[in-house]
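Here are the chains, one letter per residue:
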Amino acid sequence: MLKCRTVWKKLAPLARSSSTVCRQNVKRTGLNNGRIPTCVPAANMSTGPGGLGGDNLKYTVMVGAACVGSLTYAYFLLKGDQKRYQERIEEITTRSQRSSKEEAATVQSEPLAVEATQTKAVPEPVPEAAPSPEEPSPPAAQAEQPAAPAEAAAPSETTAPPPATDSTPASLKVPSHTPYLLIGGGTASFAAARSIRARDPGARVLIVTDEPDLPYMRPPLSKELWFSDDPSVTETLRFKQWNGKERSIYFQPPSFYINSEELASAENGGVAVLTGKKVVHMDVRGNKVKLDDDTEISYDKCLIATGGVPRNLQVIERAGEEVMKKTTLFRKIEDFKLLDNVSRNAKSITIIGGGFLGSELACALGRRSAESGLEVIQMFPEKGNMGKVLPEYLSNWTTEKVKREGVKVISEALVKSVTCKDDRLEIHLKDGRLVTTDHIVAAVGLEPNVDLAKSAGLEVDSDFGGYRVNAELQARSNIWVAGDAACFYDIRLGRRRVEHHDHAVVSGRLAGENMTGASKPYWHQSMFWSDLGPDVGYEAIGIVDSSLPTVGVFAKATAKDTPKAATEKSGTGIRSESETEDTATSPVASVTPVPPVAHKDDYGKGVIFYLRDKVVVGIILWNVFNRMPIARKIIKDGEEHADLNEVAKLFNIHED
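Within an unreviewed UniProt entry, the label attached to the chain reads Apoptosis-inducing factor 1, mitochondrial, and the organism entered is Acanthochromis polyacanthus. Of the chain, the UniProt comment under Sequence similarities (unreviewed entry) reads exactly: "Belongs to the FAD-dependent oxidoreductase family." For the record of the chain, the UniProt heading Catalytic activity (unreviewed entry) holds the text "A + NADH + H(+) = AH2 + NAD(+)".

Pasting the structure below:
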């Protein structure tokens, strides 16, 4: 109808114009006829009827054709509109009927589901309509889980199958706020968490670590684990200490911790560990951090215990991807597993570095080489093992000890370049020597992890590295630093940074106490220890630098003067955990006279004093154990000693 009206509006003016022209022509013709005599005959057009002109006939045909066309178009338009109207009515009617049927089927199924969960005392009437044959299972599914059918059904449509812990969004796992945030999952963080909970039993502590493992101790990775007889030690990570007792590398089992998503609602608080997450940005003013997945966590108090990153040789980094794939920077559990696998399949392993870690790994792999035929090579730029720590005579003795373990030692070795040829590595030394091997272990030191310093605006020490902190281990009013990453001021030895287990334990513990309001200064003289197998070991404290003057006092060793015997006596393989709890008070010197001991090839046990301005600043106890509190007191006193042989009597090294 609308279209007809539109057509009529367009044709009506044309029709009116045509009729007007026709009337004017007729009138004009009449006037003309009045003037012409009646005797004159009318002119006729050859193509039109008598009495009509050519223009009149043309207009008449146009008007007639327009009227006929309009009527025809209107007829067919009305006919089509009527047909479409009927189809639309039928569609609406059909849809209404289909909707009624679906509602009836739904009403039928809902009472059935309700009946399955209710008692049968008052049964609901069953509608006559049967359930839809296409969907017979939904009522049963609703009957199985009536409490939350909508929530239970949603994950099955959009998420993967169980386990639920994997399919839960990360945002639900990470709390948005925690009173105590500990960045780093190592020894210092765990010690701090334990200390915080001891002083505040209801504390909520969140540990964030980029490692996939719960907090664990690192020393066994280069010591006891390598001497285990269990072929599955890489999976269990359990080992026998030198005293024969077995324990796990982890500080606590998983049951000790709570889930991070439950931390905020835990009534009695707890310790949660967020593994596989790295803090990449720290907003000190806003008291919040950002993780590598852009998740933000706010905190009240924060501890930075990010530890360190193993250094690598620049010549190895520049050598390319093939060389890097065959190089291990030993630090974590995954590094231990990788090196264990390599040692069982490779023919040759070369350890670059003659410090604590390099020498420990050399002895461990050397003992394995006797069984498997593995070639173990250790190279370093010094003249002997531990050349930067031990006096030259003791360094030479240690080198011979490492050789007896089956290790090929290459001293005064400076690496010039490393290349990969025929799937093997070629190490070119600056003096022209060439060493061919299958795998390299780079044990050349540790670089403190200070990645957060820039975003947090924290000061990094230019001499020792690490975050500069005050005596309470504070970097800011609510930020503390502990472990390898802390550069602290020692009231006796000056500003220092220590990279050992005992320091991580004690500094972490003190930081945790100060985070709960203790305000204690860090006066502890931390110790460290290293074992070259179960029969040779040493403990050290203070500044032990071979460039300092030293005085060594030695005695003949007995069967009890070994790391194995020491751990059997103390009951623990991690000696610092027991040593740091003790304090030395008025040690009683041995009355046994000091026998004259010359520097000879076999140093059974002894004490090495490191001097600076005639004051003892460092002490090494060589195969002398459970005497560390005495050494700590000597350094703390800071006195000059005229005869260090007399001081050595305090350690009772001459007793059998």
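Next comes the rest of the description.
A. Summary view of the sheet that holds strand 26 (residues 550-555). In space, the five strands of this open sheet follow the order 24-25-28-27-26, with antiparallel pairing throughout. Sheet topology places strand 24 (527-531) and strand 26 at the edges, where each strand pairs with a single neighbour. The average angle at which neighbouring strand axes cross in this sheet is 15°, direction not considered. Here strand 25 (residues 537-542) runs beside strand 28 (residues 615-622); their pairing, made up of five bridges, is antiparallel. Of the residues in strand 28, the one forming a bridge with Tyr 538 is Trp 622.

B. Focus on the pairing of strand 11 (residues 348-352). Here strand 11 lies mainly inside the structure; five of its five residues are buried. Side-chain alternation along strand 11 places Ser 348, Thr 350 and Ile 352 on one buried face and Ile 349 and Ile 351 on a second face that is also buried. With five bridges connecting them, strand 11 and strand 12 (residues 375-379) associate as parallel partners. What sits directly across from Ile 351, in strand 12, is Gln 378. Viewed along the sheet, the connection from strand 11 through helix 12 (residues 356-372) into strand 12 turns out right-handed. As judged from the four bridges shared by strand 11 and strand 17 (residues 439-442), these two strands associate in the parallel manner. Looking at strand 17, one finds that Ile 351 is bridged to Val 441.

C. Looking closely at the nonpolar core. Judged by nonpolar contacts, the single largest core of 127 residues is most densely connected at Ile 619, Trp 622 and Phe 651. In terms of residues, this core owes the most to one element, strand 28, which gives six residues. The next biggest cluster of nonpolar side chains, apart from the first, holds 15 residues, and it includes Val 315, Val 415, Ile 427 and Val 435.

D. Layout of the packing of helix 11 (residues 333-345) against helix 12. It is the contact of helix 11 with helix 12, at a shortest axis distance of 11 Å, that shows an interaxial angle of 35°. In this structure, the crossing between helix 11 and helix 12 has a hand that is right-handed. Within the contact between the two elements, helix 11 uses Leu 339, Asp 340, Ser 343 and Arg 344 and helix 12 uses Leu 361, Leu 365 and Arg 368. Classifying every residue of the contact of helix 11 with helix 12 gives three nonpolar, one polar and three charged.

E. Expanded view of unusual backbone geometry. Positive phi, normally seen in glycine, also occurs at Glu 412, with a value near 50°. With a relative accessible area of 48%, Glu 412 lands in the partly exposed category. The phi dihedral of Asp 613 is positive, around 55°, even though this residue is not glycine. Of note, Asp 613 is situated in the loop between strand 27 (605-612) and strand 28.

Calculation notes
Residues numbered from 1 in each chain as written. Predicted model: local features only at pLDDT ≥ 70, side-chain atom pairs only at ≥ 80, totals over all residues. Heavy atoms only, no water. UniProt positions renumbered as here; feature names shortened; annotations may be inferred. Pairing = 2+ DSSP bridges. Helix = DSSP H or I, 4+ residues; strand = E, 2+ residues; numbered from the N terminus. Axes fitted to C-alpha atoms, helices over the stretch in contact; angles between N-to-C directions. Buried < 20%, exposed > 50% of the residue type's maximum accessible area, 1.4 Å probe, protein only. Right-handed = clockwise from strand over helix to strand, strands pointing away. Core = buried A, V, L, I, M, F, W, Y, C linked by side-chain atoms within 4.5 Å. Left-handed = near helix turned anticlockwise from the far one by under 90°. Contact = heavy atoms within 4.5 Å. Nonpolar A, V, L, I, M, F, W, Y, C, P; charged D, E, K, R; others polar.

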